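Summary of structural features
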Amino acid sequence: MEQTAIQIPAPPAGDFKILHQDGAARCGILQTAHGAVRTPIFMPVGTAGSVKGIAPDDLAAMGAEIILGNTYHLYLRPGDELLAELGGLHAFNAWHGPILTDSGGFQVFSLSDLRKINEEGVTFRSHIDGSKHLFTPESVIRVQRNFNSDIMMVLDECVAYGTDRAYTEKSVELTARWAARARAAYPKGAGRNLLFGISQGGFFKDLRERSIAQIAELDFDGNALGGLSVGESKAQLMDFLYYSAPLLPAHKPRYLMGVGTPFDIINGIAAGVDMFDCVLPTRNARNGTLYTSLGKVNIKRREYANDESPLDPACSCYTCRTFSRAYLRHLHVAGEILSYRLNSLHNLTYFLDLVRGARAAIAQGTFAEYKSEVESIYPEELAQAYAE
RNA sequence: GGAGCAGUAGUUAAGACGGUUAUAACGCUGGCCUGUCACGCCAGAGGCCGAGGGUUCGAGUCCCUUCUGCUCCG
């Protein structure tokens, strides 16, 4: 038989194939302009174009497949036009894998004292210099295209926990109109940058359902669940997660924005979510809370002062292979910069291993066992999830 | 030898007229962190106010003695 070089064209960006299914959990592969992403996936957060304390080679070594950037931060500094001029965010920060950029919708929520929302968009003040800016559904697409983001997010309004039904309903409608404008500004197939829609709805199930239907209708490349983990109880988070996730279109990637703890992520996967991002592994790393196969470890505790054992004996990251808990405690207590890097390296490895393990379990049809194994590491959250 | 200043939490310091459980920062101990305004936030434990005596209803605060440190003058 003759050896012929067969050119297999890469699937087009946006192509999403589900390879395995185990209950509602699925394992798939999403194509982007900068490569494929295996799902379920955890995306390290690099708000200002850098995963704090972690260089791209470390990210690659730990098996990160896609990272996040933030439109709000990168637009303010260094600016989207400069990034376009310098060849986009990938050329700028030397991460050549896929990048998802959040739209700034969350900052509309988290920087609430600095902004004003109307039909046109959101006016806000820069947290850096106080200058005034306007984000619209259209401008946010333009900015993200200047970044050359692989997955762009539409502008949405994320309402605070406890917002009443009347406002939440108005907000859902506004988010839907903004989504439609985003879609019009970037029609399907207009480019290789993917565009994901975001559903909201606060803590009202009918509004969640309505929002998801409105967003689904616009035929985005993927669909996100927004506005969760904003201060509600663990039980409420679980309730809304398991209610909402199955309503998102099944044949497209589902993204649970900003969530969460290992417990949340494993439950998100169980509910049928494919993508997660969260600042917890990196922020907590910097603040001394480390996730391990033995549970959460607050490395600054005195009990670790003379602990020669590795942080997590089951982990194969550089930090766990090389240093003792005693040294990691010292670095943290002494405020050494290396502490941030080593801790972040470990926590991100832990989160990436978690989803890697989930993919393998789904493929083998053993996800339920895997899930209860992970949950048993976090008994407090498990108890809270079933608390009334 | 004389004069001045200072001795208050582990540390550095606040404590007008003497008046309820003596402050703060840092440190220490513990907790928190969910689309990063986040090397951040919250809480807690630490003090016979150098020692002794006196005045006073009441003294960290006033008076005397004493000890220690620093500075200056001889």
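Residues numbered from 1 in each chain as written. Chains lettered and ligands numbered in written order. Predicted model: local features only at pLDDT ≥ 70, side-chain atom pairs only at ≥ 80, totals over all residues. Heavy atoms only, no water.

Some details on the environment of Gln 236
Our working definition: Counting from the N terminus, the helices are DSSP H or I runs at least four residues long and the strands are E runs at least two residues long. The contact criterion used is simple: two residues touch if any of their non-hydrogen atoms lie within 4.5 Å.
Within the fold, Gln 236 resides in helix α9 (residues 234-244). When residues no more than four places from it in sequence are discounted, the contact partners of Gln 236 are Tyr 161 and Phe 203.

Description of the side chain of Asp 156
Formally: Summary of the burial criterion: residues with accessible area below 20% of their type's maximum are buried, those above 50% are exposed, and those between are partly exposed, where the area comes from a 1.4 Å probe applied to protein chains only. His residues and chain termini do not enter the charge count, which takes Lys and Arg as positive and Asp and Glu as negative. Think of a salt bridge as a Lys or Arg side-chain nitrogen and an Asp or Glu carboxyl oxygen that are within 4 Å of each other. In protein, a polar contact requires one atom able to donate a hydrogen and another able to accept it; more generally it is a pair of N or O atoms within 3.5 Å, and residues adjacent in sequence count only if both atoms are side-chain atoms.
Tracing the sequence through the fold places Asp 156 in the loop between β10 (151-153) and α7 (165-185). Although Asp 156 is buried, it forms no salt bridge, and the closest oppositely charged side chain is Arg 208 at an N-O distance of 8.4 Å. Only 2.6 Å separates the side chain of Asp 156 from the side chain of Gln 200, close enough to count as a polar contact. Residues contacting Asp 156, with those up to four places away along its chain left out, are Ser 103, Gly 105, Phe 106, Thr 175, Trp 178, Ile 198 and Gln 200.

Looking at unusual backbone geometry
Across the junction of Arg 77 and Pro 78, the peptide omega takes the value 10°, indicating a cis bond. Along the chain, Pro 78 turns up in the loop between α2 (71-76) and α3 (80-85). Cis geometry marks the peptide bond from Val 259 to Gly 260, where omega comes out at 10°. At Ala 94, a position not held by glycine, the phi torsion is positive, near 65°. Tracing the backbone shows Ala 94 in the loop between α4 (88-93) and β6 (99-102).

Looking at the sheet that holds strand β1 (residues 16-22)
For clarity, the cut-off: By definition, two strands form a pair when at least two bridges between them are found by DSSP. Angles here are taken between N-to-C directions and fall from 0 to 180 degrees, while the axes themselves are lines fitted to C-alpha atoms, restricted in helices to the stretch in contact.
What the 3 strands build is an open sheet, ordered β1-β2-β3; its pairing is antiparallel. Each end of this open sheet is capped by a strand with a single partner; those strands are β1 and β3 (35-39). Within this sheet the neighbouring strands show an average axis-to-axis angle of 10°, counted without direction. Across 5 bridges, the pairing between strand β2 (residues 25-32) and β3 is antiparallel. Bridge pairing in β3 places Gly 28 opposite Thr 39.

Here we look at a nonpolar patch on the surface
Quick note on the threshold: Exposure above 30% relative accessible area and no salt bridge define the residues that can form patches, which grow by joining like charges within 9 Å and nonpolar side chains of Val, Leu, Ile, Met, Phe, Trp and Tyr within 5 Å. Methods summary: accessible areas were calculated by the Shrake-Rupley approach with a probe of 1.4 Å, and residue burial reflects only the protein chains presented.
Together, Leu 82, Leu 86 and Phe 92 line one region of the surface with nonpolar side chains, adding up to about 250 Å² of accessible area. As for its position among the elements, Leu 86 is in the loop between α3 and α4. Taking relative accessible area as the criterion, Leu 86 reaches 40% and is therefore assigned partly exposed.

Concerning the sheet that holds strand β9 (residues 132-135)
Two modes of strand pairing occur in sheets, parallel and antiparallel, and in both the strands are linked by backbone hydrogen bonds. The sheet built from 3 strands is open, its strands ordered β7-β8-β9 with antiparallel pairing. What marks the edges here is a single partner per strand, and that holds for β7 (115-117) and β9. Averaged over all pairs of adjacent strands, the angle between their axes in this sheet comes to 15°, without regard to strand direction. Alignment of β7 against strand β8 (residues 122-125), held across 3 bridges, turns out to be antiparallel.

Let's talk about the packing of aromatic side chains
Which entries qualify depends on this criterion: Here the aromatic set is Phe, Tyr and Trp, taking the six-membered ring for Trp, and pairing holds for ring centres within 6.5 Å; pairs whose planes are under 30 degrees apart are stacked, those over 60 apart are edge-to-face, and all others are tilted. Throughout this description, the term charge over a ring refers to an Arg CZ or Lys NZ atom that lies within 6 Å of the ring centre and within 35 degrees of the ring normal.
Scanning the entire structure with this criterion turns up 12 aromatic pairs. The interplanar angle of 85° and the centroid separation of 5.2 Å between the aromatic rings of Tyr 161 and Phe 203 together place this pair among those described as edge-to-face. Here Tyr 161 is found in the loop between β10 and α7, whereas its partner Phe 203 is found in the loop between β11 (194-199) and α8 (205-217), with 42 residues between them in sequence. For the pair Tyr 291 and Tyr 378, a centre-to-centre distance of 6.4 Å together with 55° between the ring planes defines the contact as tilted. Highlighted residues: Tyr 291 in strand β15 (residues 289-292) and Tyr 378 in the loop between α15 (367-377) and α16 (379-385), separated in sequence by 87 residues. Accessibility assignment for this pair places Tyr 291 and Tyr 378 in one class, buried. A connected cluster of aromatic rings, assembled from ring pairs, spans Phe 42, Tyr 291, Tyr 350, Phe 351 and Tyr 378. We note Lys 205 situated over the ring of Phe 240; from NZ or CZ to the ring centre the distance is 5.6 Å.

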